[in-house]
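Examination of the molecular architecture
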Amino acid sequence: MSGQLTGVGVGRGAVCGPVARVSSAPQAPAGETPPADKEVAKAAVSQAFSEVTAGLRRRAVAAEGTLAEVLEATAMMAEDKALIKDVLRRVTAGEPTLTAVDRSVDKFCQMFLGAGGYLAERVTDLRSIRGRVLAQLMGLPEPEVPDLSVPSVIVAEDLAPADTAALDLTKVLAVVTELGGPTSHTAIIAGQQGIPCVVRVAGAMTLVDGTQVAVDAAAGTVTTDPSEELRAEYAERARVLASLDDLTGPGATSDGHPVQLLANVGQVQDATRAAGKANEGVGLFRTEVLFLEATSAPTEAEQAAAYGAVLTAFGDRKVVVRTLDAGADKPLAFANQAHEDNPALGVRGYRLGRILPDLLDTQLAALARARAETGIEPWVMAPMIATPEEAREFAAKARSYGIATVGVMVEVPAAALRADRILAEVDFVSLGTNDLSQYTMAADRLQGALSDLLSPWQPAVLELVARVAAAGVSAGKPVGVCGESAGDPLMGLVLAGMGITSLSMAPGAVATTRYVLSRHSFAQCQVIAEAVLAVETADQARQAVLDRVDPQVRAVLAL
Amino acid sequence: MATRTVVIASTVGLHARPASLFTQAVDATGLDITIAKDGEEPVDAASILMVMALGAGHGETMTLASEDEGADAALDSLVALLSRDLDAE
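Residue indices begin from 1 for each chain and proceed along its sequence in written order. By the order in which they are written, chains take letters starting at A while ligands take numbers starting at 1. Local features are withheld for residues below a pLDDT of 70 in this predicted model, meaning they are given only at 70 or higher, and side-chain atom pairs are given and counted only at 80 or more; totals for whole chains, interfaces and linings count all residues.

**A word on the overall build of chain B**
For clarity, the cut-off: The secondary structure listing takes helices from DSSP runs of H or I that are at least 4 residues long and strands from runs of E that are at least 2 residues long, numbered from the N terminus. To sort residues by burial, count the other C-beta atoms lying within 10 Å of each one's C-beta; a count of 20 or more means buried, 12 or fewer means exposed, and anything in between means partly exposed. C-beta atoms are built from the backbone. Contact between two residues is assigned whenever their backbone-derived C-beta positions fall within 7 Å.
Across its full length, chain B carries 3 helices and 4 strands. Counting from the amino terminus, chain B carries its helices and strands in the arrangement β-α-β-β-α-β-α. Burial analysis of chain B (89 residues in total) assigns 37% to the buried set. Taking contacts inside chain B between residues at least 6 apart in sequence as the whole, the part at least 24 apart equals 69%.

**As for the interface of chain A and chain B**
Basically, it comes down to this: Residues are grouped as follows: Ala, Val, Leu, Ile, Met, Phe, Trp, Tyr, Cys and Pro are nonpolar; Asp, Glu, Lys and Arg are charged; all remaining types, including Gly, are polar.
Facing the 17 residues of chain A at the interface are 15 residues of chain B. Breaking the side of chain A that touches chain B down by element, the ones donating at least two residues are helix H2 (65-78), helix H3 (81-92), helix H4 (97-115) and helix H5 (117-121) of chain A. Taken together, the residues of the side of chain A that touches chain B sort by class into 12 nonpolar, no polar and 5 charged.

**Describing the sheet that holds strand S12 (residues 379-382) of chain A**
Residues and elements named next belong to chain A. This is how it is decided: Pairing between two strands is assigned when DSSP locates at least 2 bridges connecting them. Think of each axis as a best-fit line through the C-alpha atoms, taken over the contacting stretch in the case of a helix, with angles from 0 to 180 degrees between the N-to-C directions.
The 8 strands are arranged S9-S10-S11-S12-S13-S14-S15-S16 in a closed barrel whose pairing can be described as parallel. Across the sheet, the mean angle from the axis of one strand to that of its neighbour is 25 degrees, orientation sign disregarded. Bridge count between S12 and strand S13 (residues 405-410): 4 bridges; the pairing is parallel. In the strand pairing of S13, Val380 is matched with Val406.

**Digging into the nonpolar core**
What counts, and what does not: Only buried Ala, Val, Leu, Ile, Met, Phe, Trp, Tyr and Cys residues enter a nonpolar core, and they are joined through C-beta atoms within 7 Å.
Grouped together as the largest cluster of nonpolar side chains are 99 residues, with contacts concentrated most on Val282(A), Ile385(A), Val408(A), Val429(A), Val468(A) and Val494(A). Top element by residues in this core is helix H18 (residues 459-475) of chain A. It accounts for 8 residues. If you look at the next biggest cluster of nonpolar residues, it comprises 95 residues, including Cys16(A), Ala156(A), Ile8(B) and Ala16(B).

**Describing the sheet that holds strand S4 (residues 61-66) of chain B**
Paired through backbone hydrogen bonds, the strands of a sheet run either parallel or antiparallel to each other. Residue and element names in this part refer to chain B. One open sheet accounts for 4 strands, arranged S1-S4-S2-S3; its pairing is antiparallel. Strand pairing shows two members of the sheet lacking a second neighbour, strand S1 (2-7) and strand S3 (43-44), which therefore form its edges. Examined bridge by bridge, strand S2 (residues 33-37) and S4 share 5 bridges and lie antiparallel to one another. Across the sheet, the residue bridging to Ile35 is Leu64, located in S4. The strands that helix H3 (residues 71-82) touches are S1, S2 and S4; relative to S1, the one it contacts most, it runs at about 5 degrees.

**Remarks on unusual backbone geometry**
Residues other than glycine predominantly adopt negative phi, and peptide bonds predominantly adopt the trans conformation. Residue and element names in this part refer to chain A. One non-glycine residue, Arg200, lies in positive phi territory at about 55 degrees. Looking at where Arg200 falls in the secondary structure, it is placed in the loop between strand S6 (197-199) and strand S7 (212-216). Phi is positive for Ala442, which is not a glycine, with a value near 50 degrees. By secondary structure assignment, the location of Ala442 is in the loop between helix H17 (433-441) and H18. Among the residues examined, Ala442 registers 9 C-beta atoms within 10 Å and is labelled exposed.

**Details of helix H10 (residues 268-275) of chain A**
Residue and element names in this part refer to chain A. Filter applied, for reference: The arc under discussion is defined with respect to the helix axis, by the directions toward the C-beta atoms.
Where H10 is concerned, the buried positions are Ala271, Ala274 and Ala275. End-on view of H10: buried residues confined to an arc of 100 degrees, all on one side of the axis. On the buried face of H10, the contacting elements are strand S9 (260-265), strand S10 (281-286) and helix H12 (300-314).

**Remarks on the confidence of the model for chain B**
Filter applied, for reference: The predictor attaches a confidence to each residue, and that confidence, scored 0 to 100, is pLDDT.
Residue-level pLDDT values for chain B average 87, and 96% of them are 70 or greater. Overall fold confidence for the complex sits at a pTM of 0.65, while the interface term, ipTM, reaches 0.86.

**Brief notes about the packing of H12(A) against helix H13 (residues 357-374) of chain A**
All names here are of chain A. For clarity, the threshold we go by: Convention used here: angles under 35 degrees read as roughly parallel, angles over 145 as roughly antiparallel, angles from 65 to 115 as roughly perpendicular, and any remaining angle as oblique. Here is the rule for handedness: rotate from the far helix to the near one, and if that takes an anticlockwise turn smaller than a right angle the crossing is left-handed, while a clockwise turn gives right-handed.
At a minimum axis distance of 8 Å, the contact between H12 and H13 shows a crossing angle of 50 degrees. Considering the angle they form, H12 stands oblique to H13. As for the relative orientation of H12 and H13, their crossing is right-handed in sense. Where H12 abuts H13, its residues Glu300, Gln303, Ala304, Tyr307, Gly308, Leu311 and Thr312 lie against Thr362, Gln363, Ala365, Ala366, Leu367, Arg369, Ala370, Glu373 and Thr374. Across the contact of H12 with H13, the residue classes break down as 7 nonpolar, 6 polar and 3 charged.

**Quick notes on the pairing of strand S4 (residues 152-156) of chain A**
All names here are of chain A. Buried residues dominate S4, accounting for 5 of its 5 residues. Every second residue of S4 is oriented toward a common face, with Ser152, Ile154 and Ala156 on one face and Val153 and Val155 on the other, all of them buried. Strand direction decides the pairing type here: strand S3 (residues 14-21) and S4, joined by 3 bridges, are parallel. By the bridge assignment for S4, Arg21 is matched with Val155. Direction of pairing for S4 relative to strand S5 (residues 172-177): parallel, over a ladder of 5 bridges. Residue pairing in the sheet places Ser152 in a bridge with Val172 of S5.

**Re the environment of Thr34(B)**
All names here are of chain B. With respect to the helices and strands, the residue Thr34 is situated in strand S2. Classification of Thr34 as partly exposed rests on a count of 19 C-beta atoms within 10 Å. Each C-alpha atom, one on Thr34 and one on Glu67, is 9.5 Å from the other, the two residues being 33 residues apart in sequence.

**So, helix H1 (residues 16-29) of chain B**
Our working definition: Multiplying 1.5 Å by the residue count of a helix minus one yields the expected span of that helix.
With 14 residues, H1(B) ought to run about 20 Å at 1.5 Å a step, and its terminal C-alpha atoms sit 21 Å apart, in line with that. Along H1(B), the residues classified as buried are Ala16(B), Pro18(B), Ala19(B), Ser20(B), Phe22(B), Thr23(B) and Val26(B). Contact partners of the buried residues in H1(B): H2 of chain A together with S2, helix H2 (48-54) and H3 of chain B. Of the residues trailing H1(B), Gly30(B) is marked for its positive phi of about 75 degrees.

**Thoughts on the environment of Val553(A)**
All names here are of chain A. Turning to its location among the elements, Val553 is positioned in helix H23 (residues 551-556). Among the residues examined, Val553 registers 21 C-beta atoms within 10 Å and is labelled buried. Through-space distance from the C-alpha of Val553 to that of Leu490 is 9.8 Å; in sequence the pair is 63 residues apart. Setting aside its immediate chain neighbours within four residues, Val553 contacts Val516 and Arg519.

In structure tokens form, the structure reads like this:
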């Protein structure tokens with residue numbers, strides 16, 4: 001009989017296959033008695049921790065890159081003096097050995113969970129260490145992922161990098177964990193490899209080895225003993241998803257209304273990688289990386305080389321370069337900036353010119369030089385513009401360096417409200433929807449507790465976006481979107497309908513958006529764009545789109 | 001007792017790679033050294049778990065202390081370490 005478990009999905013894929021369970025970590029037995037000889041027990045504890053450390057370190061040496069660093073960090077946790085001291089102290093005080101290990105690790109887990117965020121994710125590593133140390137003390141083999149003879153769905157309580165390191169990813173159809181989070185290292189690796197992953201699945205460990213399951217990362221579900229119909233549906237979804245990458249043409253609605261599909265890039269290497277994919281160029285080249293890691297201001301020549309490399313990589317495709325977006329929230333090591341209590345509202349982006357005027361001049365000179373050296377015209381825009389006056393000032397300066405196509409970001413509500421006057425000063429604008437949301441809703445982007453207010457579907461934010469898009473249509477000038485919402489294919493339909501001319505997103509999101517756009521006419525997009533402005537809440541806005549979306553798109557993307 | 005204060009320069013704060021580099025450096029001194037956030041209990045600076053659990057962010061002021069002999073030079077070198085952006089290196 002088929003049953004369904006639910007969790008949090010990572011990715012879009014859906015797949016069917018047999019379960020391969022990672023054995024549960026050993027646990028300290030209930031009613032354990034204290035050791036007869038405390039000194040012997042303490043020696044065994046120290047020995048167990050050092051065996052586990054040595055094992056982790058062997059894996060670190062065999063691994064590469066980030067994984068090697070993560071494994072080395074796990075090894076350091078396993079040999080942590082404070083942790084081992086705490087266990088030994090408990091044994092000395094008369095606690096049973098395995099229980100002592102359990103409680104000490106748990107103490108650190110609670111500390112990390114209490115701190116939240118990055119530290120909470122490291123609890124997975126601590127628990128993996130606990131399982132290994134307990135196994136050592138109980139004379140059991142350390143918990144390992146099974147050897148996969150056939151492609152399988154890995155099911156585990158939780159998976160630390162130490163556990164996945166030994167896994168043959170080519171045989172992993174999907175990953176299902178009972179604990180863990182969507183931003184855990186394992187979920188991220190699965191996402192990068194395109195492996196469907198569902199985490200926080202209550203009851204995952206009740207799944208039996210070899211049972212057939214259907215895993216849907218988009219819906220966050222795990223169905224046992226799936227029916228033939230469900231298998232066929234998943235197979236069809238997998239086929240269409242795989243075929244998305246075969247579509248490579250310019251973005252357009254089904255009736256040919258063009259919407260440029262562009263990539264957001266942060267570094268020269270990202271740009272080279274993105275240039276190899278099917279997109280129409282770069283809608284946002286964040287230049288801050290060049291500056292944030294520098295101990296002194298990068299010179300005109302250094303910058304020109306980096307900009308030239310990106311322009312060359314994209315050849316005759318459009319590249320929009322954003323001038324330095326730094327400030328108290330993204331501090332520059334080489335510039336002494338005053339502490340700000342409210343950095344999001346402080347001297348950042350274009351405003352940095354008030355205290356460090358040379359930075360922008362050097363950057364524009366470098367862009368002009370890259371243009372001269374490559375013969376390719378960059379589009380150049382400034383972040384955090386609030387008034388038409390600032391836009392005019394920036395445009396005049398950029399043009400004085402010979403930049404032909406000058407624009408500004410619209411991320412401050414004041415700029416959105418006066419978009420027509422801003423567009424009179426520049427050649428194009430680009431909406432930064434993340435900041436526009438934060439400033440419109442007066443909700444800090446980094447405040448997880450306010451994420452509902454920060455939804456890109458908030459009708460107030462959409463209304464500002466529509467206003468800017470309309471200003472662009474009447475001025476006959478391009479209005480792009482380069483915030484996170486541009487990468488949501490449903491939002492892409494809304495934006496296209498409003499008259500947005502380009503969407504810039506993570507390079508990996510382009511194919512899906514191209515497909516979704518191609519399944520709707522421009523008139524359908526316009527109806528959708530009107531529908532989202534007619535409702536009251538963010539959820540209703542998204543639902544209004546879902547209600548009007550092409551059925552095949554809903555099925556393929558499991559929306 | 002020797003003490004020093006230092007502002008965390010690492011842009012990601014004192015966890016992950018910066019925490020491991022720091023605790024390794026503390027361990028290498030062979031001295032008992034503590035690290036504390038303003039107004040909080042000092043913790044063993046050689047313990048990566050304790051140091052990570054401090055959750056010290058970029059720009060936070062930390063106090064290093066030790067009662068061992070020769071601690072002054074050791075603390076100076078640790079201050080220099082924390083004053084660099086360890087994550088970018």
